[in-house]
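Breakdown of the fold
Okay, here's what each chain looks like letter by letter:
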Amino acid sequence: MSIGRFKSPPARSEELLEFRYRPLRSSVGIRLAQIHPGSGTKGINITLIEDFVHGGRTTYDALSYTWGSTTRLKFVTCNRRRLAITETLLAALQRFRHESDTVTFWIDQICIDQDNNEERNQQVSMMGKIFGGARKVVAWFGEEAEDSKAGLQAASNLLRVMARYPGMQLNNINLESHGLPKPGHKRWQALGAVLRRPWFSRVWVIQEVVLSSRVEVACGQVTLSWEEMEQLIYHLDCPSPNVSNAIGTTVSLELPFKRINRIRARHQLAGLDQKQDDKTELFDLLLVSRDFGATNPRDNIYAFLELGEHNVNPDYDKDVRDIFMDLAAHTVSSLREPSCTNTYPATLFGPQYTGSSYASEKYFLNRPRREDKFFRPMIMLSCAGVFNQSLSLPSFVPDWTVDSKVRPFCFWGSEKYHAGGDALPEMSLHPKSRLAVCGKIFDTVRLAGCINLDLSEPADAKEKRARITAWFDEGRAMAAGSHSPYPAGMSSFVTPTTTAYDRILRWNELSGVEAALDSSNPTYATFIEYLECPQGSTPNSYHSSLMGVAVGRVSFLTAGGYMGLAPYGIQDGDVVFAALGGDIPFVLRPVGEEFVLLGECYVYGIMGGQVMLMEELPVQDVLLR
């Protein structure tokens, strides 16, 4: 009888010891996860090895995904010990492991000791090299859900039709004749849901796909190349950058993929140009991606460190408010630089957005060259203000953890407005986190509207129309109640305030909106939005597209009889301030001898620099807190 050596049964997951990370042996070292063969829901077994970011021996892929919840309640076996991971990562590991071969991935949640901030700082500083060194990046949109497989099948059929008939304009008449679902079909709605999955709004994915020469995307069991996604978005988003709606308002609601891809294309173009070795400014990247999110608020900055020009070192022990303050200080310091050589490429900055995100291609491309060096500090102020902050920050510091509640005038009307005249801007940081800005206090707010035109809240079309109508009625009543002639007439004729109000609407592309509210033929910001909506229904973006810069703003009157638009929340006693060299005035709230920045405002009659010609108003420094 042969007696073999006794083998103890494998330990169950709950009996395994907890995995403990060992310090990396090299400052350029990385960990790689070798995922052993398996299938289905069987337990995941990983061997974690150490390699080098440059000249490493192991070929690997990099996983781009969303964490979802930060709570790690699922477990895998890692180096024969138990390692906790998130539910979304477990689904990704089950999807990408091979039935018979070991596959190697770099995955942030596994390959970085997330509880060691010193290691996180070091690894984040190498993130660009990690993703750039991967054989490919795999973008994981998530498991099949909301009929996503059928939606992606519709996408595949669309690509097939457009490849066969290049240049053809699809509409509700010829869709079905080419074997495609009609508008409003559940397959288009499923595809729209895929293109709005959380992956597309995660700030880290921008760097992850930009720095890789090869990207594959996966949703459930369906896989597409990045180039196929490019073609798909080309057909589903607007063929041209802008769409003119029924009343002539120029708007665009881009799919997030388009912005990500524009940054990627810009980066690749720069890599081909041997003469162009400068990076895009970090601040510019933040403007383009402000509505993207991150689990850790510091990552709203750190996720761009490999893409943008900056002086930031990642530090996860640092208070996020200090990080934002340091970036603001760096931005203000550009005023003291002798020159600024950065240009603003059309391939990076896209059109005006009608949703919560924004960026104006025209602004970045059409500024006079003499203004380059003080461009960003003024934009910084336009993106700041207490109404756009959730963190406790000085009012002049943008809070990059939240999206702006209003569409900045500085992007919308930069070609039309120059309230601060031709003087060079002047601002400087003072002790105790104060910012001195030179300009003129023009007037005091006497009356402000109270209807908050927040169209992002869930509401049916009827309720949104009623809110918009009430907003117009409030402005008209305010204008009608001002019995004095308007102080800034366009000629020698007396201009009533009601006429000024009409001109405010016209200048801000709001004329005719009320007539378009009940339109039986609403316009669509993107082709996918058209495909998703059943005929006769109103797209979700329609009303916010119509209202443009009015969203989040109210009408107001000043003590001197001027009228304009300003952020919801301003009140009697706030002041209008025109900064030297700035395009757009600001509303400030006096606090003792200092001021709190509330936000931008539009005032009819002063947007062309008239305040700077009023000799009775002194030029002075206001101290923002």
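The protein carries the name Heterokaryon incompatibility domain-containing protein in an unreviewed UniProt entry, which gives Cryomyces antarcticus as its organism.

With respect to the overall build of the protein
Summing up its helical and strand segments, the protein has 20 helices and 22 strands in all. In the protein, which comprises 625 residues, the share counted as buried stands at 56%. Long-range pairs, those at least 24 residues apart, make up 72% of the contacts in the protein between residues at least 6 apart in sequence. By element, 50% of the accessible surface of the protein is carried by carbon and sulfur atoms, the whole surface being about 27,700 Å².

Remarks on the pattern of salt bridges
Considering all chains together, one arrives at 18 salt bridges under this definition. Across the pair E594 and R434 runs a salt bridge, and its minimum N-O distance is 3.1 Å. With a gap of 160 residues between them, E594 in strand β20 (residues 594-600) and R434 in strand β15 (residues 434-448) connect regions that are remote in the sequence. In this structure, E594 and R434 share a single accessibility class: buried. Overlapping salt bridges, with partners in common, bring together K136, R214 and E216 in one network.

A closer look at the packing of aromatic side chains
Per the counting criterion, the structure on display carries 18 aromatic pairs. On the basis of an interplanar angle of 65 degrees and a centroid distance of 6.4 Å, the ring pair of W199 and W226 is categorised as edge-to-face. Placement of W199 in the loop between α6 (186-194) and α7 (204-210) and of W226 in helix α8 (residues 226-236) is noted, with a sequence separation of 27 residues between them. There is no split in this pair, since W199 and W226 are both buried. Among the aromatic side chains, those forming a connected cluster through ring pairs are F141, W199, F200, W226 and F257. The ring of Y316 has R120 lying over it, and the distance from NZ or CZ to the ring centre is 4.0 Å. Above the plane of the ring of W400 lies R290, whose end atom (NZ or CZ) is 5.3 Å from the centre.

Remarks on the packing of helix α5 (residues 148-164) against α6
The N-to-C vectors of α5 and α6 enclose an angle of 100 degrees; their axes lie 7 Å apart at closest approach. As far as their axial angle goes, α6 and α5 are roughly perpendicular. Counted together, S148, A150, G151, L152, Q153, A154, A155 and L158 of α5 and R187, W188, A190, L191 and V194 of α6 form the full contact between these two elements. When its residues are assigned to classes, the contact of α5 with α6 shows nine nonpolar, three polar and one charged.

Some details on the nonpolar core
The biggest cluster of nonpolar side chains holds 184 residues, and the ones touching the most others in it are L381 and M547. Those residues in contact with M547 that sit more than four places away from it in its chain are L453, L455, I468, W471, F472, L510 and V513.

Description of the sheet that holds strand β2 (residues 45-52)
Pairing is mixed across the open sheet formed by nine strands, whose spatial order is β5-β4-β2-β1-β6-β3-β7-β8-β9. Edge positions in the sheet fall to β5 (81-85) and β9 (222-225), since each of these pairs with one other strand and no more. Strand-to-strand twist across the sheet, computed as the mean angle between neighbouring axes with direction ignored, equals 35 degrees. As paired strands, strand β1 (residues 29-35) and strand β6 (residues 103-106) are joined by three bridges and run antiparallel to one another.

Comments concerning the environment of L453
Mapping L453 onto the fold places it in the loop between β15 and α16 (461-480). Placed 15 residues apart in sequence, L453 and I468 show a C-alpha to C-alpha distance of 7.0 Å. Dropping the residues within four chain positions of it, L453 is found in contact with R467, I468, W471, M547, A550, V551 and G552.

Details of the packing of α16 against helix α17 (residues 497-507)
Packing of α16 against α17 leaves a shortest axis separation of 8 Å and a crossing angle of 145 degrees. Considering the relative orientation of α16 and α17, their crossing is right-handed. Facing W471, F472, G475, R476, A479 and A480 of α16, the residues of α17 in contact are T497, T498, Y501 and L505. Here the residues of the contact of α16 with α17 are counted per class, giving six nonpolar, three polar and one charged.

Here's the deal with unusual backbone geometry
For N79, which is not glycine, the phi torsion reads 50 degrees and is therefore positive. On the secondary structure map, N79 appears in the loop between β4 (74-78) and β5. In this model, K432 sits at a positive phi of 60 degrees, which is unusual for a non-glycine residue. Of note, K432 is situated in the loop between β14 (427-430) and β15. Take K432: its relative accessible area is 73%, and that puts it in the exposed class.

Thoughts on the side chain of H418
If you trace the backbone, H418 turns up in the loop between α15 (409-412) and β14. By relative accessible area, H418 is classed as buried at 18%. From its side chain, H418 meets the backbone oxygen of G421 in a polar contact 2.5 Å long. There is a polar contact of 2.9 Å between the side chain of H418 and the side chain of D583.

Topic: the side chain of Q207
Counting through the fold element by element, Q207 comes out in helix α7. With a relative accessible area of 1%, Q207 lands in the buried category. Discounting chain neighbours no more than four positions away, the residues touching Q207 are M127, G128, A303, F304, L305, E306 and L307.

Conventions adopted
- Residues numbered from 1 in each chain as written.
- Predicted model: local features only at pLDDT ≥ 70, side-chain atom pairs only at ≥ 80, totals over all residues.
- Heavy atoms only, no water.
- Helix = DSSP H or I, 4+ residues; strand = E, 2+ residues; numbered from the N terminus.
- Buried < 20%, exposed > 50% of the residue type's maximum accessible area, 1.4 Å probe, protein only.
- Contact = heavy atoms within 4.5 Å.
- Areas by Shrake-Rupley, 256 points an atom, 1.4 Å probe, with all protein chains shown as cover.
- Salt bridge = Lys/Arg side-chain N within 4 Å of Asp/Glu carboxyl O.
- Phe/Tyr/Trp six-rings, centres within 6.5 Å; stacked < 30°, edge-to-face > 60°.
- Lys NZ or Arg CZ within 6 Å of the ring centre and 35° of its normal.
- Axes fitted to C-alpha atoms, helices over the stretch in contact; angles between N-to-C directions.
- Parallel < 35°, antiparallel > 145°, perpendicular 65-115°, else oblique.
- Nonpolar A, V, L, I, M, F, W, Y, C, P; charged D, E, K, R; others polar.
- Core = buried A, V, L, I, M, F, W, Y, C linked by side-chain atoms within 4.5 Å.
- Pairing = 2+ DSSP bridges.
- Left-handed = near helix turned anticlockwise from the far one by under 90°.
- Polar contact = N/O pair within 3.5 Å; in protein donor to acceptor, adjacent residues only side chain to side chain.

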